[in-house]
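Summary of the model geometry
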Amino acid sequence: YGLVGSEMCIRDRCWQSARFSLASISFQRTKFNSMSNAVSPSPCRVAIVDDHYFMREGTRLFVSTTPGYAWCWMASSAAEAMEMLQKEMPDLLFVDITLPDRNGLELIKDLHTLFPDLAMIVLSMHEEKLYAHRALKAGAKGYLRKDAMHEDYEKALQLVRAGGIYHFGRRAAADLGSVYHAV
């Protein structure tokens, strides 16, 4: 390296100091991770009400493979959802707007009255401008189109779990500027 005498000593001491610092940081990170694993919060339990089998199964698979979330149950109608809610209360419920036995927005409004702490996210094939405002007004904490990307589902889960409100159109408007106009 072209270093001689005292320059070599200074370089060696700096290297040893840096290795010690890195080892200390690594130990602290390991210690923190093991502590956080010991006191990790219980997973958020998620359920879905949707009349489409593949939507229910896809959501179940997504939730089951997302860290911090656990699958609770699925229902294909509002009546079935009411039965399931009596057996097991999820922390978060995905609700389709178009159900065979009842309008999903009416279901959300009733569920919000009965269970004010139940977080609900609408899953819909309908454009946001048609239903998002009404869904949020009825008590939903989020609105997602069924054709949204995996990342959008994950962001919605995280934000609603943290107590926020997720509206795909508004998030998209911020990301895409004038390309997408949220209502």
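Everything discussed here concerns the structure shown above.
One structure accompanies this document, and this report is about it. Just so you know, these numbers come straight off a predicted model, no measurement behind them. (Residues numbered from 1 in each chain as written. Predicted model: local features only at pLDDT ≥ 70, side-chain atom pairs only at ≥ 80, totals over all residues. Heavy atoms only, no water.)

1. Brief notes about the environment of Val49
Selection rule: Numbering of helices and strands runs from the N terminus, with a helix taken as a DSSP run of H or I at least four residues long and a strand as a DSSP run of E at least two residues long. Pairs of residues are marked as contacts when any of their non-hydrogen atoms sit within 4.5 Å.
Relative to the helices and strands, Val49 resides in strand S1 (residues 44-49). Along the chain, Val49 and Leu123 lie 74 residues apart, while their C-alpha atoms are 9.2 Å from each other. If we ignore the near neighbours within four places in the chain, the residues touching Val49 are Trp73, Ala75, Ser77, Ala78, Ala81, Leu93, Phe94, Val95, Asp96, Leu99 and Leu107.

2. Some words on the sheet that holds strand S3 (residues 92-96)
Selection criterion: At least two bridges found by DSSP between two strands are what make those strands a pair. For helices, the fitted axis covers only the stretch in contact; all axes are lines through C-alpha atoms, and the angles between them, taken along N-to-C directions, range from 0 to 180 degrees.
Strand order in this open sheet of six strands is S2-S1-S3-S4-S5-S6, and the pairing throughout is parallel. The open sheet is flanked by strand S2 (69-75) and strand S6 (166-167), the only strands paired with a single partner. Looking at chain direction, strand S4 (residues 119-124) and strand S5 (residues 142-145) are connected through four bridges and run parallel. If you follow Leu123 over to S5, its bridge partner there is Leu144. Those strands touched by helix H5 (residues 128-138) are S4, S5 and S6, and its axis lies near 155 degrees from that of S5.

3. Here we look at the packing of aromatic side chains
Rules: Geometry of aromatic contacts follows a simple scheme: Phe, Tyr and Trp rings, the Trp one being its six-membered ring, pair when their centres are within 6.5 Å, and the pair is stacked under 30 degrees between planes, edge-to-face over 60, tilted otherwise. Each residue's exposure class comes from its accessible area (1.4 Å probe, protein chains only) as a fraction of the maximum for that residue type: buried when under 20%, exposed when over 50%, partly exposed otherwise.
Applying the stated rule across the entire model yields three aromatic pairs. Ring geometry for Tyr53 against Phe54: centres 5.5 Å apart, planes inclined by 70 degrees, an arrangement best described as edge-to-face. On the accessibility criterion, Tyr53 (48% relative accessible area) is partly exposed. Seen from their ring centres, Phe62 and Tyr153 are 6.0 Å apart, and the 65 degrees between their planes marks the pair as edge-to-face.

4. Let's talk about the pairing of S1
Our working definition: Looking down the strands as they point away from you, a crossover is right-handed if its path from the first strand over the helix to the second goes clockwise.
When you tally the buried positions in S1, you get five out of six residues, the bulk of the element. Where S1 meets S2, six bridges bridge the pair, whose relative direction is parallel. Across the sheet, residue Arg45 finds its bridge partner in S2, namely Ala70. With helix H2 (residues 53-64) bridging S1 and its parallel neighbour S2, the resulting β-α-β unit is right-handed.

5. Considerations on helix H6 (residues 150-161)
Along an α-helix, residues three or four positions apart point the same way, because every turn accommodates 3.6 residues. Definition in use: Here the expected span of a helix is defined as 1.5 Å times the quantity of residues minus one. Here the arc refers to the set of directions running from the helix axis out to each C-beta atom.
Between its first and last C-alpha, H6 extends 17 Å over 12 residues, near the 16 Å set by a 1.5 Å rise per residue. If you check which residues of H6 are buried, you get Asp152, Tyr153, Ala156, Leu157 and Val160. Buried positions in H6, seen along its axis, are confined to an arc of 135 degrees and lie on one side of it.

6. Here's the deal with the pairing of S5
The alternating pattern of S5 places Gly142 and Leu144 on one face and Tyr143 and Arg145 on the opposite face, and all of these are buried. This β-α-β element, S4 to H5 to S5, shows right-handed connectivity. As paired strands, S5 and S6 are joined by two bridges and run parallel to one another. Bridge assignment links Tyr143 to a residue of S6, and that residue is His167. As for the winding sense of the linkage, the β-α-β connection from S5 through H6 to S6 is left-handed.

7. Section: the pattern of salt bridges
Rule in force here: Put simply, a salt bridge is a Lys or Arg side-chain nitrogen that is within 4 Å of an Asp or Glu carboxyl oxygen.
Scanning all chains against the criterion turns up seven salt bridges. Here Asp91 and Arg45 are joined by a salt bridge, their closest N and O atoms 3.1 Å apart. Separated by 46 residues along the polypeptide, Asp91 in the loop between helix H3 (78-87) and S3 and Arg45 in strand S1 bring together distant segments of the chain. On the basis of relative accessibility, which here comes to 32%, the residue Asp91 falls in the partly exposed class. Between Asp147 and Arg145 there is a salt bridge, with the nearest N and O atoms lying 2.9 Å from each other. In this structure Arg145 comes out as buried when scored by relative accessible area, which is 13%. Each of Asp50, Asp96 and Lys146 takes part in one network of salt bridges that share partners.

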